[in-house]
Protein chains: 4
Amino acid sequence: MHFFSDNSTPVCPEVMAAIAAADQADHGYDGDRWSARLNGAFSDLFGMQVHAMWIATGTAANSIALACLCPPYGGIMCHDEAHVVVDECGAPSFYTHGASLMALPGEGAKLSPGTVVERLKGIRPDVHQVPARAISITQASEYGLVYTPDEVAALGMVAQEHGLGFHMDGARFANAVAFLGCHPGDVTWRAGVDILSFGCVKNGGMIGEALVFFGDQAQARAAEGARWRKRSGHLFSKGRYLAAQLLAMVEGDLWLRNARAANSAAQALAGGAAGRLLHPVEANELFIRLTAQEAAQLRAQGFDFYDWGDGAARLVTNWSHDAASVQPLADALAALPA
Amino acid sequence: MHFFSDNSTPVCPEVMAAIAAADQADHGYDGDRWSARLNGAFSDLFGMQVHAMWIATGTAANSIALACLCPPYGGIMCHDEAHVVVDECGAPSFYTHGASLMALPGEGAKLSPGTVVERLKGIRPDVHQVPARAISITQASEYGLVYTPDEVAALGMVAQEHGLGFHMDGARFANAVAFLGCHPGDVTWRAGVDILSFGCVKNGGMIGEALVFFGDQAQARAAEGARWRKRSGHLFSKGRYLAAQLLAMVEGDLWLRNARAANSAAQALAGGAAGRLLHPVEANELFIRLTAQEAAQLRAQGFDFYDWGDGAARLVTNWSHDAASVQPLADALAALPA
Amino acid sequence: MHFFSDNSTPVCPEVMAAIAAADQADHGYDGDRWSARLNGAFSDLFGMQVHAMWIATGTAANSIALACLCPPYGGIMCHDEAHVVVDECGAPSFYTHGASLMALPGEGAKLSPGTVVERLKGIRPDVHQVPARAISITQASEYGLVYTPDEVAALGMVAQEHGLGFHMDGARFANAVAFLGCHPGDVTWRAGVDILSFGCVKNGGMIGEALVFFGDQAQARAAEGARWRKRSGHLFSKGRYLAAQLLAMVEGDLWLRNARAANSAAQALAGGAAGRLLHPVEANELFIRLTAQEAAQLRAQGFDFYDWGDGAARLVTNWSHDAASVQPLADALAALPA
Amino acid sequence: MHFFSDNSTPVCPEVMAAIAAADQADHGYDGDRWSARLNGAFSDLFGMQVHAMWIATGTAANSIALACLCPPYGGIMCHDEAHVVVDECGAPSFYTHGASLMALPGEGAKLSPGTVVERLKGIRPDVHQVPARAISITQASEYGLVYTPDEVAALGMVAQEHGLGFHMDGARFANAVAFLGCHPGDVTWRAGVDILSFGCVKNGGMIGEALVFFGDQAQARAAEGARWRKRSGHLFSKGRYLAAQLLAMVEGDLWLRNARAANSAAQALAGGAAGRLLHPVEANELFIRLTAQEAAQLRAQGFDFYDWGDGAARLVTNWSHDAASVQPLADALAALPA
């Protein structure tokens, strides 16, 4: 049983079925019947009129969102362990034509309003310095922590006061909402988020995430985003196969069901790993203290996962798990000699 | 029955089966078992050691190829009706950071060595002018014409003599090879091509094309290409679903069978459209004279297709057609009053 | 006596004196007393409130202007022999992050409204094609021809109707205005020009041109331009030495006096070269038929200039010439055996 | 008497004389007699064959150097208070097309080999992360500290071992060499530096710095740099006025004499400011503790300078100073009540 990454898991059956159902002749690119339903489906989900489009990957979604919010000479406030900083080979710089990632510290890879405001104060308003133009946060964070509606709103307030765009990398947005039990609007548009990268692949999809644009400028930014999607080679010829996956996720509650399954599995593991947790477990990732010897013991029992530096490991649960199915690992963790 | 585009067609069954077979747990990105087989499969296909990778779309494939061959201050010789010029929203400029597309004329959207050489002569070798650094051609061309091995080799010779990289946009490469009946190496590496965008989606795939790197610099350029693929947000989390499609195409002869079916359908239509052809029919596209009234007549009989400016239409056949299945349209064309 | 280029000539004495007068302690960058006077001086010159800034070179001025008018995914309509196309090593693509130069034909390197409108019609309004966003013309043109106020206004009307920014490369703007005898506003803001590259170096300056922003968006675009100026490394530490040159030119009528001198010299030469002219002589450049043997004869008499392809030559007059001083060359041209 | 910045000072007489002497007709751009002497003059200065070119500003010099050393997907190790990070509006990102500035801490704005090596260890060698490709240091540092030959060489060794290019921002290189009393080669090519931004404007010049390329790849990189210089609009039409300034500086010892004068003035001030120094004084900048009240007292006596945050000030001396001429300020500093 592996806990490498939610990327390592098969596609969930409902998504596979949706792909098969979309295997029909239709117009190319995003001119098909499935793509045409995206705005409506995501507007229903978020309880307001939004603009939504499929997009190949999380990196592309994040980068195009940031290109819509920040000019080349601007800066983007984000956590210094954010995926956009650490794991995208500089894609945001590519798409924004050289905007600066202004990396800030913060517990559990979460950004705090105070840190952002402090950094803003240090920027002289002259042409020599890069002006901040956007904030980007990850929900759930790179360490599996979740921003509450109030925490997002506090950052949204800072964004509004300083004229900054506000982007949310929601590669694990479903897990965050499942944890919070709130309405998806509570941690997005009601809290000031302008553009959301809505993750699907880690949550059971095959290929394709969504970009969701909120607010007054949603339409204009979505039009800009559509140009970037083509210009960057992300406008698939047969977009219906991506649209169908997204619709399968959000026209019902599959996105939440899958996330709840992964989250409950993570909680089960957290129970077994009490005393080892490097971060609270809120979504579907566990970061635990684990010696090389302990890791070897677990692997010998058939569990696999990635080491996370010296003496630590990361365990990621996914849609195909649940509390019961991962209990053997929870037990094995609990059984490790202290 | 529609002839809009080869993009409008369902995925062929063998590819669908390959996707289903790849629906297993494995490592993310391109760390899976299917991606690992690409170099071998394409080396077998081309009869030499190549480097191959999956890539989302033809636009991305073309752009990354050009970014590997041309610096930002360089120029790319291509036809002025080439897809890279006309239909990619400037993607090659985005990926190359502003390289110039040096658009040249040519019958049937084909580039000739003489035109290229003439243009090269007009460039002063000083820093004020943009130096040519690459040639890009489309096989089959945007009007469905095919470069023979000798024609490609003549351009390859020009490329070599002038130190230019040589890229081939092979969105319909299979159709070209099927028409020529040659070995795929004859119109690529044996003729001096450095990088090929190998098309699959128009030929029955769902999502994903291949970039194939030939020659001494193949490995270095593929490594560069792999960085661009990530940096542009094209490194899919679950790459196995793309790799599996490509393998289904090229580990057997599916790529050629599909192309032959489409080509034979095009020949059948060409028979019916004799006297109307704007270009010779070599691959799977027909460009024909057709008045608005004639178009309406055909549509009334259940055939659909795109108009191509005033008094003309484009008909595209695909893998799901064959000579027999399109005979009704051939007959309808032949039956139009002269 | 040489007629290579107006770049080859010394600085005119008034400009040298202005540089010496500015050799004082003051604040760095553009915080000095001279830079502070630019907006006022250029507003007086143009008869309206403009924003003006010094800028290193004509290439930088053109490129920054275009970056203020055209997004990376947009296109710029210009003549296919325009300096921005032919002689700037792709600088506009660098500054605009890959915008397309849409090169059009036209007699004497002049763009006509009809050609622009025709090209606009050919662009499909979808994300696959690059939308035009700006027009750029050169006044005087690369062949020394001058756009009349009506001609500029006709292009300005096209720009306005299609939502395009309108840039004028005025490397030889002074020569054009001197030829027309009009108010400088007549061929700029009154005719719809948004941004002007106002040339000084070819007209007797040492280092530095001006960017002049007109219209409602002048202030916002100038602020954007100021960022680009810094971001591209063009914000000189001691900007007063550039500002002083521009003020010397435009606070009096030096810019026109210098241009008139050059123009009158060109007219004198045109008189001698009657029958040889490849283009009408309107500003300070002559393009003439001249065999290699004839060129050699002239050079033997002490006149030098650049050949302009086979059987032709370019003669450029400058501020230090006048009709009398170039008469010897006029006579020598007239004396060549027919 | 002001101590704002070395940018605020007039041009030194020898440079003014050199400009006047270059006020002759010659070929444009860098085709003139002065530009032709740069390689030779800088080769003599550095005691090895180098390639040298004039360049408008320090920002342009740094950015073009980095563009020659680092690909768009690469990273540049530098101090987090480096000019390239803090004061260039993101110019290095513009020129490198989005390379990442990897900002590191270090006492006195100096980078240490240990910090660099530690950061290098944290980069996974996969396509998800940005690989380091260059180191950039400032000599003297942003706080006026000087790297010794051994310190530079230690970083040069790290660069060599890890395949990184090595750039030195020498805006105040003359002051550093004057302080060290070493040969200029000792802190550049002998220590592994690949490209030097050689500052002139702060040291008495009007407009123009030099880029100096060392080592095996000097010629190729200089050719690349020459393209960037044109492509970025920095190839001045009348380059002889820049070349003449550089030659005036380095064909004799003016560059060192000017720097020594500034340095000795700084030492004189340091004597008066004992007990207030925030950093050791090695070049021509002092950072001192100074209350608002004390600052007001000094200003009342006719001395001016910039505040440097709360309770601190920066004093910059320049070529027109010497120990004697700044003694009044030294005395005034010493006389401030403790």
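K.L.:
Teacher, can you tell me more about the overall build of chain A here?
P.N.:
Secondary structure summary: chain A contains 13 helices and ten strands in total. For 338 residues, the compact-globule estimate of 2.2 N^0.38 gives 20 Å, and chain A sits close to it at 20 Å. Taken over the C-alpha atoms alone, chain A extends approximately 60 × 55 × 30 Å along its principal axes. Looking at the 338 residues of chain A, the share that counts as buried comes to 65%.

K.L.:
What is the right way to read the packing of aromatic side chains from this model?
P.N.:
The description of an aromatic ring pair rests on the distance of the ring centres and on the angle between the ring planes. By the definition in use, this model includes 64 aromatic pairs over all chains. Seen from their ring centres, F198 of chain C and W255 of chain C are 5.6 Å apart, and the 50° between their planes marks the pair as tilted. Of the two residues, F198 of chain C is situated in strand β6 (residues 195–198) and W255 of chain C in helix α11 (residues 254–272); the sequence distance between them amounts to 57 residues. Overall, the relative accessible area of 0% leaves F198 of chain C in the buried class. Accessibility expressed as a relative area gives 3% for W255 of chain C, which makes it buried. Relative to F236 of chain D, the ring of F236 of chain C has its centre 6.2 Å away and its plane inclined at 50°; by these criteria the two rings are tilted.

K.L.:
I keep staring at the interface of chain A and chain B and nothing clicks. Help me out?
P.N.:
Contacts between the two partners involve 51 residues from chain A and, on the opposite side, 50 residues from chain B. Summing both partners gives a buried area of about 4,000 Å² for chain A against chain B, and 61% of it is carried by carbon and sulfur. Contact with chain B buries area across many residues of chain A, yet F94, R231 and K238 of chain A alone supply 20% of it, more than any other trio. Applying the counting rule to chain A against chain B returns zero salt bridges. Where chain A meets chain B, there are 39 residue pairs in polar contact (both at pLDDT 80 or more). Mapped by element, the contributors of at least two residues to the side of chain A that touches chain B are α1 (13–21), α3 (58–69), α5 (91–95), α9 (218–231) and α10 (240–250) of chain A.

K.L.:
Mind showing me how you'd approach the environment of A174 of chain C here?
P.N.:
Residues and elements named next belong to chain C. With respect to the secondary-structure elements, A174 resides in helix α8 (residues 173–180). Between the alpha carbons of A174 and S136 there is a distance of 18 Å; along the sequence they are 38 residues apart. With near-sequence residues (within four places) excluded, A174 lies in contact with N203, W255, L256 and A259.

K.L.:
Looking at this structure, how should I read the relation of the copies chain D and chain B?
P.N.:
Superposing chain D onto chain B takes a rotation of 180° combined with a translation of 0.0 Å along the rotation axis, leaving an RMSD of 0.0 Å. Interpreted geometrically, this transformation is the action of a two-fold axis. When C-alpha positions in chain D are compared against the rotation axis, the closest is assigned to H97 of chain D, at 3.4 Å. Interface overlap between copies is the fraction of interface residues in one copy that are interface residues in the other; for chain D against chain B it reaches 100%, indicating a shared surface.

K.L.:
Which parts of the structure should I look at to understand the domain arrangement of chain A?
P.N.:
Interfaces are often described in size by the accessible area the parts lose on coming together. Residues and elements named next belong to chain A. As assigned here, chain A comprises domain 1 (13–253) and domain 2 (255–335). Between domain 1 and domain 2, the C-alpha centre-to-centre distance is 27 Å. In this assembly, domain 1 packs against domain 2 so that about 2,000 Å² is buried in total across both faces, 56% of it on carbon and sulfur atoms. When the buried area of domain 1 at its contact with domain 2 is split by residue, Y143, N175 and D253 rank highest and sum to 29% of it. Between domain 1 and domain 2 we count three salt bridges in total. Counting across the domain 1 and domain 2 interface gives eleven residue pairs in polar contact (both at pLDDT 80 or more). With six residues, the single largest contributor to the side of domain 1 that touches domain 2 is helix α8 (residues 173–180). Among the residues making up the side of domain 1 that touches domain 2, the classes are represented as 15 nonpolar, seven polar and four charged.

K.L.:
Honestly, the side chain of S5 of chain D in this entry has me stumped. Any pointers?
P.N.:
All names here are of chain D. Mapped onto the fold, S5 is located in the segment before α1 (13–21). S5 gets classed as buried once you look at its relative accessible area, which sits at 9%. With residues near it in sequence (within four places) discarded, S5 still touches R314 and V316.

K.L.:
I would appreciate a short explanation of the relation of the copies chain A and chain B in the present structure.
P.N.:
Think of it as a corkscrew move, a rotation about one axis and a shift along it, taking one chain copy to the other. It takes a turn of 180° to lay chain A on chain B, together with a shift of 0.0 Å along the axis; the resulting RMSD is 0.0 Å. By residue overlap, the copies meet face to face through one surface: 98% of the interface positions of chain A are interface positions in chain B.

K.L.:
Just to check I follow, could you spell out the pairing of strand β10 (residues 312–316) of chain B for this structure?
P.N.:
Taken residue by residue, a regular strand's side chains alternate between the two faces of the sheet. Residues and elements named next belong to chain B. Buried residues dominate β10, accounting for five of its five residues. Side chains A312, R314 and V316 project from β10 onto one buried face, and the interleaved A313 and L315 project onto a second face that is buried too. Pairing of strand β8 (residues 285–289) with β10, which is carried by five bridges, proceeds in the antiparallel orientation. Bridge pairing in β10 places R289 opposite A312. Sheet topology places strand β9 (residues 306–307) next to β10; two bridges connect them, and they run antiparallel. Counterpart to D307 in the pairing with β10 is A313. In this antiparallel pair of consecutive strands, β9 and β10, the connection spans four residues, and G309 shows a positive phi of 80°.

Calculation notes
Residues numbered from 1 in each chain as written. Chains lettered and ligands numbered in written order. Predicted model: local features only at pLDDT ≥ 70, side-chain atom pairs only at ≥ 80, totals over all residues. Heavy atoms only, no water. Helix = DSSP H or I, 4+ residues; strand = E, 2+ residues; numbered from the N terminus. Rg over C-alpha atoms; globule rule 2.2 N^0.38 Å. Buried < 20%, exposed > 50% of the residue type's maximum accessible area, 1.4 Å probe, protein only. Phe/Tyr/Trp six-rings, centres within 6.5 Å; stacked < 30°, edge-to-face > 60°. Contact = heavy atoms within 4.5 Å. Buried area = accessible area lost by both parts, 1.4 Å probe. Salt bridge = Lys/Arg side-chain N within 4 Å of Asp/Glu carboxyl O. Polar contact = N/O pair within 3.5 Å; in protein donor to acceptor, adjacent residues only side chain to side chain. Least-squares fit on C-alpha atoms with pLDDT ≥ 70 in both. Domains from an automatic or database assignment. Nonpolar A, V, L, I, M, F, W, Y, C, P; charged D, E, K, R; others polar. Pairing = 2+ DSSP bridges.

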